[in-house]
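Coordinate analysis (summary)
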Amino acid sequence: MIFYLLRRLVFLAGSLFLASVVLFLLLRLLPGDPANSLLSVGASPEQIAAARHEIGSDRPVPEQFVQWLHQLATFDLGNSFVSTLPVGPEITSRLDVTVPLTLLSFLLAVVIAVPVGFLAAHRSATWYGTLISGVSQLGIAVPVFWIGMILITVFALRLGVLPAGGFPQDGWARPGEALTALALPVITVALVMSASLIRYVRSAALDVLGSDYLRTARALGSSFHRAMWRHGMRNGAVPVVSVLGIELATTLLGAVVVETVFALPGLGGLLAQAVAQHDYPTVQGVLFVSTFAVLVIGFLSDLAQRLIDPRLRGRLSGGAR
């Protein structure tokens, strides 16, 4: 297991380096001059040249890349071209919105998807089992912003029970107001995520329900619930845990859409603003932090699968020998 962890950590470091290279190069290939974001319309060539020198975009690309790597090595994401403020603290302040939004949505989606997906598998021959499968398929095809607008129309505009968007200026100083502001965004993301998770939970549950080991346990006298708890849950959880990691990472990356719909001051709003202003350090910082979070989630998901399934640990130790 130690060998596996070391190997995964090396892979994580290599992936982060590769991601830094890709992010840096792709941003330099985008059309537009970042110096224009510092100047008004009709700036003279001398002013543009001075702005480029100020932000360092007039230096050779390899030199800019070396500086970017040096900043990453010292946990410095640079300064914004527009505000000249450090990017790191700005991202940290935006995480106060994005991280709770992602985690609460994920937890709510799991609470919905696990029992509903199992019910759809256990009662697959009934009309409501078929209905659950059909609704989950429909939910995957519905855009998240469309669900958000429907929820705003119903709960904010017509019923007036929840705010349509925004976030308290003092953040989490008043947790009740902050949670109320996140209610509709969390429900929006959770509905979309649970629709996808229900399909995977149903598929995993169908495999378990049709397995030989479950039938053997029942034949030896175990009740259905006892056999599922002792034998089915662990085997069914392995593929679901992998999907949960992917869904959590997808939710984090897709926060830009939901935060835009609900006017939330999270990473999504910061990224959209930075892209529009050609603010390379901010865009690089947001995407690098997001990539790091996705890789860590994948690492933890893979580790959880090996902790749940002893067969994977045995295969791993066999490979180590």
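Now for a description of the structure that goes with this document.

1. Quick word on the overall build of the protein chain
A count of helical and extended segments in the protein chain gives 13 helices and zero strands. Across the protein chain, helices and strands are ordered from the amino to the carboxyl terminus as α-α-α-α-α-α-α-α-α-α-α-α-α. The proportion of buried residues among the 321 residues of the protein chain is 38%. With the model as given, the accessible surface of the protein chain reaches about 17,600 Å², and the carbon-plus-sulfur share is 68%.

2. Re the environment of Pro239
The topology assignment puts Pro239 in helix 9 (residues 224–253). Residue classification places Pro239 among the partly exposed residues on the basis of a relative accessible area of 42%. Residues Pro239 and Ser203 lie 36 residues apart in sequence; the distance between their C-alpha atoms is 9.5 Å.

3. What to know about a nonpolar patch on the surface
On the surface, Phe145, Trp146, Met149, Ile150, Val154, Phe155, Leu159, Val161 and Val257 cluster together into a nonpolar patch covering about 770 Å² of accessible area. Tallying contributions element by element places helix 6 (residues 144–158) first for the nonpolar patch, with six residues. In this fold, Phe145 is placed in helix 6. Residue classification places Phe145 among the partly exposed positions, given a relative accessible area of 40%.

4. Some thoughts on the nonpolar core
Core analysis: the largest hydrophobic core is formed by 34 residues, its most contacted members being Phe167, Leu182, Leu197 and Leu264. At the level of secondary structure, the elements contributing two or more residues to this core comprise helix 4 (87–122), helix 6, helix 7 (175–209) and helix 9. The element contributing the most residues to this core is helix 7, with 12 residues. Among all residues touching Leu182, those that are not within four sequence positions of it are Val97, Pro100, Leu101, Phe167, Trp172 and Leu264. Counting 22 residues, the second-largest nonpolar core is a separate cluster that includes Leu16, Phe24, Phe81 and Ala274.

5. A short note on the environment of Val114
Mapped onto the elements of the fold, Val114 is located in helix 4. Each C-alpha atom of the pair Val114 and Arg202 lies 8.4 Å from the other, and the pair is 88 residues apart in sequence.

6. Regarding the pattern of salt bridges
In the structure shown here, the tally under the stated rule is five salt bridges. A salt bridge links Arg8 to Asp302, with the shortest nitrogen-to-oxygen separation between them at 3.8 Å. With Arg8 in helix 1 (residues 2–29) and Asp302 in helix 12 (residues 280–308), the pair connects residues that are 294 residues apart, well separated along the chain. Notably, a salt bridge pairs Arg94 with Glu90, separated by 3.1 Å at the nearest N-O pair. Residue Arg94 and its partner Glu90 are located together in helix 4, separated by four residues, close to a single helical turn. Classification of Arg94 by relative accessible area gives buried; the value is 14%. On the accessibility criterion, Glu90 (30% relative accessible area) is partly exposed. Where salt bridges share partners, they join Asp170, Arg174 and Glu177 into one cluster.

7. So, the packing of aromatic side chains
Counted according to the given criterion, the structure contains four aromatic pairs. Centroid distance Phe167 to Trp172: 5.9 Å. Interplanar angle 65°. Geometry classified as edge-to-face. A relative accessible area of 15% means that Phe167 is categorised as buried. Above the face of the Tyr200 ring, Arg199 is positioned so that its terminal group lies 5.7 Å from the ring centre.

8. Some remarks on helix 7
Between its first and last C-alpha, helix 7 extends only 43 Å over 35 residues, short of the 51 Å set by a 1.5 Å rise per residue. Considering bend angle alone, the principal kink of helix 7 is centred on Ala183 and spans about 40°; proline Pro185 follows within four residues of it.

9. Points about the packing of helix 6 against helix 7
Two elements in contact, helix 6 and helix 7, have axes whose closest approach is 9 Å; the angle formed by their N-to-C orientations is 135°. As the angle between them shows, helix 6 and helix 7 are arranged oblique. Handedness of the helix 6/helix 7 crossing: right-handed. Contact with helix 6, carried on its side by Val144, Ile147, Gly148, Leu151, Ile152, Phe155 and Ala156, involves Leu184, Ile187, Thr188, Leu191 and Val192 of helix 7 and no other residues of that element.

10. Let's talk about unusual backbone geometry
The phi torsion at Thr84 lies on the positive side, around 65°, for a residue other than glycine. Note that Thr84 resides in the loop between helix 3 (61–73) and helix 4. At Ala263, a residue that is not glycine, the phi angle is positive and equals roughly 55°. Secondary-structure assignment places Ala263 in the loop between helix 10 (255–261) and helix 11 (267–276). Overall, the relative accessible area of 54% leaves Ala263 in the exposed class.

Procedures and definitions
Residues numbered from 1 in each chain as written. Predicted model: local features only at pLDDT ≥ 70, side-chain atom pairs only at ≥ 80, totals over all residues. Heavy atoms only, no water. Helix = DSSP H or I, 4+ residues; strand = E, 2+ residues; numbered from the N terminus. Buried < 20%, exposed > 50% of the residue type's maximum accessible area, 1.4 Å probe, protein only. Areas by Shrake-Rupley, 256 points an atom, 1.4 Å probe, with all protein chains shown as cover. Patch = residues over 30% accessible without salt bridge, like charges linked within 9 Å, V, L, I, M, F, W, Y side chains within 5 Å. Salt bridge = Lys/Arg side-chain N within 4 Å of Asp/Glu carboxyl O. Core = buried A, V, L, I, M, F, W, Y, C linked by side-chain atoms within 4.5 Å. Contact = heavy atoms within 4.5 Å. Phe/Tyr/Trp six-rings, centres within 6.5 Å; stacked < 30°, edge-to-face > 60°. Lys NZ or Arg CZ within 6 Å of the ring centre and 35° of its normal. Expected span 1.5 Å × (residues − 1). Bend = angle between axes of the 7 residues up to and from the residue. Axes fitted to C-alpha atoms, helices over the stretch in contact; angles between N-to-C directions. Parallel < 35°, antiparallel > 145°, perpendicular 65-115°, else oblique. Left-handed = near helix turned anticlockwise from the far one by under 90°.

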